[in-house]
Amino acid sequence: MTEDEFDAFYAAAFPRLTGQLYAFTGDHGEAQDVVQEAFVRAWDRRRDFLADGAPEAWVRTVAMRLAVSRWRRARRWLELVRRTPPPESVPGPDLEHAALVVALRALPEAQRMAVVLHHLCDLSVEQVASETGAPVGTVKARLSRGRAALARVLAPGEGEREGERVR
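So, here's what we can say about the structure. (Residues numbered from 1 in each chain as written. Predicted model: local features only at pLDDT ≥ 70, side-chain atom pairs only at ≥ 80, totals over all residues. Heavy atoms only, no water.)

### Considerations on the packing of aromatic side chains
Then step 1. Considering all chains together, one arrives at 7 aromatic pairs under this definition.
Then step 2. Between the aromatic rings of F6 and W43, the centroid separation amounts to 5.1 Å while the plane-to-plane angle is 75 degrees, which identifies the pairing as edge-to-face. In this pair, F6 is assigned in helix 1 (residues 3-25) and W43 in helix 2 (residues 28-44), connecting sequence segments 37 residues apart.
Then step 3. Both rings, one in F14 and one in F39, keep their centres 6.3 Å apart while their planes meet at 50 degrees; by these two values the pair is tilted. Remark: F39 occurs in helix 2 and F14 occurs in helix 1; sequence separation between them is 25 residues. Residues F14 and F39 agree in their burial class; the two are buried.
Then step 4. Among the aromatic residues, those joined into a cluster by ring pairs are F6, F9, Y10, F14, F39 and W43. (Phe/Tyr/Trp six-rings, centres within 6.5 Å; stacked < 30°, edge-to-face > 60°. Helix = DSSP H or I, 4+ residues; strand = E, 2+ residues; numbered from the N terminus. Buried < 20%, exposed > 50% of the residue type's maximum accessible area, 1.4 Å probe, protein only.)

What follows is the structure in structure tokens.
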């Protein structure tokens, strides 16, 4: 079968096969998918199609087998899901964690990045400098400023010295 003959065969047979597979599967989208997949497989065999004598029957058989295979796969997945117990509920973040996130969001991005990488990801100052592309001295300054800003937000009364706030 030439490409032009295959195109004509596809144009004539696709709607008919989709209707038949829709009756078989009960899902129009699924029917279109399996018929399309069957035609893709037929494209690879288009040179031998005339020898078969019944190309539409071949495509229909492949499409039905694909539909059954998908149905079996979906059924196995559903059985697996039903057998798997639901996950235990995970408690939400505590108030301290939420306050830390809010305080970190208030920091400038460069300070936030330095604080997170150093204190939460346990990277050394040199590693933070390497990841951010900033000099080590700049990372140290960002960490110092970031910690001071976090201290003001998280513990407002503790950052005061002799009536003045630390800046």
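And the narrative resumes.
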